[in-house]
Amino acid sequence: MRVLSVSVRDFRCYEAAAAPLGGGLTVICGPNGAGKTNLLEALYFGCTGRSCRTVNDREVLRFGSRTARVVVAAEDDVGPHEFSVGFTPGEAKRMTHDGAPVERLVDLPSRPLVSVFLPERLDLVRGVPALRRAHLDQYVAALWPARAANRSAYAQTLAQRNALLARLDHGGSRATLDAWDERLAAAALALMEDRAQASSELAVAFAEIAAALGLEADPEVFYRPRSQAGSIEEFQAELRQRLSSDLERGFTEHGPHRDDLVLRHGGRQLRTYGSQGQQRLGLLALLLAERRVISRYRAAAPLVLLDDVMSELDRDRRHALVKVLLNDGGQALITTTDEEHVPFVEGSDIALVAVGEGSVLIPQAPAGGVR
Ligand SMILES: Nc1ncnc2c1ncn2[C@@H]1O[C@H](COP(=O)(O)OP(=O)(O)OP(=O)(O)O)[C@@H](O)[C@H]1O
Ligand SMILES: [Mg+2]
């Protein structure tokens, strides 16, 4: 699925605007406050039905307007496709796929997958494990949509076991707990297997891309499960060992809801010891490695949206990033205040879109450092 363009109406600072996307790298260029990030957000909104910057949809509505609307035009081998999202406060969001209403865009088997880098997403590298766990599960779901069910099955079973733990003192039965332990163990093993398999594929791509981006000293990513169990019985035994402390706490302490995805370089966690630049490279390498693996399983590589990444990278690393983006194929979009920050790569597919202060976007013939 290739994205051809995004059109918006009353979205953030745009009254009405449309921007084309190139088949390779599209560079959105303009001064501070011009509307670059808003445009990137509009693409995300149009492909997923939600914002990548806020959980409050009202924020995307242009000041003083009633309805925000985004339309993403795309094409695949079959032909053209259209995805649209309309938002009016107080009403359910209206989403369509090729003109037909849909409940959720993200559930569509064929829609443009998107992966987004925003400066605030650095929390993924330096924040709590729960963020990386959720991200890992999203990546598993992007790789193998059917396996998303394993994640929710585990969460549901865990909630049931926790409810039972809380009741045990008041007449809940041990036999019932044993039955739930077995179900929880089965769900846990399936989830851990998905995460482990997805992470091991990721490890190779991450090491390669991180090194190419100039993250020195053996960059690595690996899955760190809490449980060492290799079978349902072993997981049940782990649960039994911790039963008294679980009863004290009133919830299940052990299991894949405590796992982490570890990013390291030089044997040390980026989360704790990485510089800001190294953490940024780690996050970029993670997103691009996921894209590389996903493109092997799905019809097209996810569209990567990179907001404001160039200004924070040194010259060599900017070069390296553009090279990785172009070599891996698929579509990518970068916002920048300075087109000179996107290095020229001979014969490559780079399109430039200039964003002005008004509401109209002007596709430009590439100039300066961008071709
Ligand atoms: N709901 C809204 N309605 C109208 N304007 C908005 C809304 N939300 C944000 N804006 C405005 O949109 C403008 C552009 O914002 P945007 O974040 O896209 O800028 P940018 O080009 O990414 O700038 P920078 O280079 O500083 O990151 C800002 O002036 C902002 O105040
Ligand atoms: Mg911005």
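Residues numbered from 1 in each chain as written. Chains lettered and ligands numbered in written order. Predicted model: local features only at pLDDT ≥ 70, side-chain atom pairs only at ≥ 80, totals over all residues. Heavy atoms only, no water.

Enquirer: I would appreciate a short explanation of the overall build of the protein in the present structure.
Expert: When helices and strands are counted, the protein shows ten helices and 15 strands. Its C-alpha atoms give the protein a radius of gyration of 23 Å, near enough to 21 Å, the size a compact globule of 371 residues would have. Projected onto the principal axes, the alpha-carbon positions of the protein cover approximately 70 × 50 × 40 Å. Looking at the protein as a whole, 51% of its 371 residues qualify as buried. Considering only contacts within the protein whose residues lie at least 6 apart along the sequence, 70% involve residues at least 24 apart. Of the side chains in the protein, 44 bear a positive and 48 a negative charge, and the two mean positions are spaced by 3 Å. (Helix = DSSP H or I, 4+ residues; strand = E, 2+ residues; numbered from the N terminus. Rg over C-alpha atoms; globule rule 2.2 N^0.38 Å. Buried < 20%, exposed > 50% of the residue type's maximum accessible area, 1.4 Å probe, protein only. Contact = heavy atoms within 4.5 Å. Lys, Arg positive; Asp, Glu negative; His and termini not counted. Charge placed at Lys NZ, Arg CZ, Asp CG, Glu CD.)

Enquirer: It is not clear to me how the sheet that holds strand 6 (residues 94-97) should be interpreted in this structure. Could you clarify?
Expert: Hydrogen bonds between backbone groups are what pair the strands of a sheet, and the pairing can be parallel or antiparallel. Judged by pairing direction, the sheet is antiparallel, and its six strands sit side by side in the order 2-1-4-5-6-7 without closing on themselves. Lying at the two open borders of the sheet, with one neighbouring strand each, are strand 2 (14-20) and strand 7 (100-102). With direction set aside, neighbouring strand axes in the sheet form an average angle of 20 degrees. Here eight bridges tie strand 4 (residues 68-75) to strand 5 (residues 80-87), and the two strands are oriented antiparallel to one another. Bridged to Val71 within strand 5 is Ser84. (Pairing = 2+ DSSP bridges. Axes fitted to C-alpha atoms, helices over the stretch in contact; angles between N-to-C directions.)

Enquirer: Would you take a moment to explain helix 10 (residues 315-327) for this structure?
Expert: Think of an α-helix as turning once every 3.6 residues; residues three or four places apart then point the same way. Spanning 13 residues, helix 10 covers 18 Å between terminal C-alpha atoms, matching the ideal 18 Å at 1.5 Å per step. Taken residue by residue, helix 10 has Arg317, Arg318, Ala320, Leu321, Val322, Val324 and Leu325 as its buried positions. Considering only its buried residues, helix 10 is in contact with strand 3 (25-29), helix 5 (174-212), helix 9 (276-297), strand 12 (303-306), strand 13 (332-336) and strand 14 (350-355). The first or second residue beyond helix 10 is Gly329, which carries a positive phi of 75 degrees. (Expected span 1.5 Å × (residues − 1).)

Enquirer: Before we go on, may I ask you to explain the side chain of Asp137 in this structure?
Expert: Counting through the fold element by element, Asp137 comes out in helix 3 (residues 129-143). Residues within four places of Asp137 in sequence aside, it is in contact with Arg151, Leu191 and Arg195.

Enquirer: Can you walk me through the site of ligand 1 in this structure?
Expert: Every one of the 16 residues lining ligand 1 counts as a neighbour, but Gly33, Gly35, Lys36, Thr37 and Leu61 are closest to it. Contact distances for ligand 1 include 3.3 Å between an oxygen atom and a side-chain N or O atom of Arg53. The contact in question runs from a nitrogen atom of ligand 1 to an N or O atom on the backbone of Leu61, over 2.8 Å. Looking at the shell around ligand 1, its residues break down into five nonpolar, six polar and five charged. (Near = heavy atom within 4 Å. Polar contact = N/O pair within 3.5 Å; in protein donor to acceptor, adjacent residues only side chain to side chain. Nonpolar A, V, L, I, M, F, W, Y, C, P; charged D, E, K, R; others polar.)

Enquirer: Honestly, the nonpolar core in this entry has me stumped. Any pointers?
Expert: A general trend in soluble globular proteins is that nonpolar side chains are found buried together. Counting 64 residues, the largest nonpolar core has Leu25, Leu213, Leu306 and Leu321 as its most contacted members. Considering each element in turn, this core owes the most residues, 13 residues, to helix 5. When residues are assigned to domains, this core turns out to be shared by domain 1 (1-113 + 301-371) and domain 2 (124-297), each giving three or more. Beyond its immediate sequence surroundings of up to four residues, Leu213 is in contact with Leu281, Leu284, Ala285, Arg317, Ala320, Leu321 and Val324. Listed in part, the 39 residues of the second largest apolar core include Ala17, Leu61, Val72 and Val85. (Core = buried A, V, L, I, M, F, W, Y, C linked by side-chain atoms within 4.5 Å. Domains from an automatic or database assignment.)

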